[in-house]
Amino acid sequence: MAKQDIYFLEKTLELAARAEGFTSPNPMVGAVIVKNNRETSCGYHKKSGKAHAEIEAINNAKVNLRGATLYVNLEPCCHFGKTPPCVDKIMHSGIKRVVVATKDPNPIVHGKSMNKLKKAGIKVSVGLLREKARRLNEVFFKNMEVKRPFVALKLAQSLDGKITAANGESKWITGEKARIFAKKLRDKYDCVLVGVNTVIKDNPHLNGFRKIPYKVVIDPKLRVPANSYLLKNSSQKLIIFASDKAKKKECKNAIVFFIKEKNGKLPVKEILSTLYRHGIMSVFVEGGSQTAANFFEEKLVDKVYFFIAPIILGGKGALTSIGGRGMPLKDCPYVREITIEKIGQDILIAGYPDYGNR
């Protein structure tokens, strides 16, 4: 039974991942129903406000579900939101066993759904593939457990850690395949964040391949050019953070938050808190050297994507990938769960910074 349970739970994870980047603020969930050791139906949550995975799987079934087993990567909901609670539908479906990879971290659900199913005489198993299930929904777990957006940071650098040449050139350090891959990463997150210098120098679009995320610009002095692509084309999906000391000016198509500086810069924690209140659950940082440093110095980067090109730039005038004041060895983050992938001529190193003692 354990092998079968693992097999079908793996499938729920695969189904759930199909909607990556499109379910926020909800988690990604997949469901599979099995009867007489054969898959009867499946489903996944496609978008916030749409049917949950369990409901899709039940509705897609073409046979009587009495005695069937439901596999799901996250505990079914037991409360009314944009859709009715899933547990009620499960209890009335005839399903007699539910296998769950991990509990829902949302306190209004956590363990309550499973208790309700058990009281209804349904056998419940939980815990198989728990870590895989948590990692799939790392954004949702961060939101529920820490009450702030999940922060991923991407950098493209030379082999010697430079993001510009000494003469200021930066296009292009990495190859086309790596740039396409990086653009696809934007589809995973709710917003793309950059510093104003990136806007002034590169005039970026910051769109993904499959969706147009929110764009966030950290711009203390409100210097974003009026003719920049972001200001002219973002249609209320542009958010700018400026200092409360900045000279006020009209920024059409943008929401501007004026916040108080701390130690001469805008505090990243307050920026993230504001975005979270605005409904943004994940942030993809593509800013320059100083923007990256600000997030690392406040220990707020949850995941890194380092694209490394096989070139050496050198030069004191060339920007390093992470600027700022730097961190002593005893305080520097140690990146764990590292994956290494070759993309075209470049290398992608991804992982999770650990800010504890090495």
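Calculation rules
- Residues numbered from 1 in each chain as written.
- Predicted model: local features only at pLDDT ≥ 70, side-chain atom pairs only at ≥ 80, totals over all residues.
- Heavy atoms only, no water.
- Helix = DSSP H or I, 4+ residues; strand = E, 2+ residues; numbered from the N terminus.
- Rg over C-alpha atoms; globule rule 2.2 N^0.38 Å.
- Buried < 20%, exposed > 50% of the residue type's maximum accessible area, 1.4 Å probe, protein only.
- pLDDT = per-residue confidence, 0-100.
- Arc of directions from axis to C-beta.
- Contact = heavy atoms within 4.5 Å.
- Pairing = 2+ DSSP bridges.
- Axes fitted to C-alpha atoms, helices over the stretch in contact; angles between N-to-C directions.

### As for the overall build of the protein
Step number 1: Of the regular secondary structure elements, the protein holds eleven helices and 14 strands.
Step number 2: Computed over its C-alpha atoms, the radius of gyration of the protein comes to 23 Å, within 12% of the 21 Å expected for a compact globule of 358 residues.
Step number 3: Based on the C-alpha atoms only, the size of the protein along its principal axes is roughly 70 × 45 × 35 Å.
Step number 4: Within the protein, buried positions represent 52% of all 358 residues.

### Quick look at the confidence of the model for the protein
Step number 1: Across the protein, pLDDT averages 90, with 97% of residues at or above 70.
Step number 2: Within the protein, no element has a lower average pLDDT than helix α9 (residues 229–233), which sits at 85, and none a higher one than strand β11 (residues 282–285), at 98.

### Some remarks on helix α7 (residues 176–185)
Step number 1: If you check which residues of α7 are buried, you get A178, A182 and L185. Seen end-on, α7 carries its buried residues on one side only, within an arc spanning 50 degrees. In α7, the exposed residues that point more than 90 degrees away from the buried face are E176 and K177.
Step number 2: Looking at the buried residues of α7, the elements they touch are β6 (150–157), β11, β12 (303–308), β13 (334–343) and β14 (346–354).

### Description of helix α6 (residues 138–146)
Step number 1: For α6, every residue scored as buried is listed here: E138, F140, F141, N143 and M144.
Step number 2: Once α6 ends, the next one or two residues include K147, with phi positive near 60 degrees.

### Observations concerning the sheet that holds β6
Step number 1: Pairing in this open sheet of nine strands is mixed, and the strands run β10-β9-β8-β7-β11-β6-β12-β14-β13 from one edge to the other. Both outer strands of the open sheet, β10 (254–259) and β13, are each paired with one neighbouring strand and no more. The sheet shows a mean angle of 20 degrees between the axes of neighbouring strands, taken without regard to direction.
Step number 2: As paired elements, strand β8 (residues 214–218) and strand β9 (residues 238–243) share four bridges and run parallel to each other. Residue pairing in the sheet places K215 in a bridge with L238 of β9.
Step number 3: On top of the sheet, α7 reaches β6, β11, β12, β13 and β14; it is set at about 165 degrees to β12, its chief contact.

### Comments concerning the pairing of β13
Step number 1: Pairing analysis gives eight bridges linking β13 to β14, with the strands arranged antiparallel. Within the sheet, the bridge partner assigned to Y334 lies in β14 and is D354.
Step number 2: Linkage of β13 to β14, two consecutive antiparallel strands, is achieved through a turn of two residues, within which G344 is found at a positive phi near 60 degrees.

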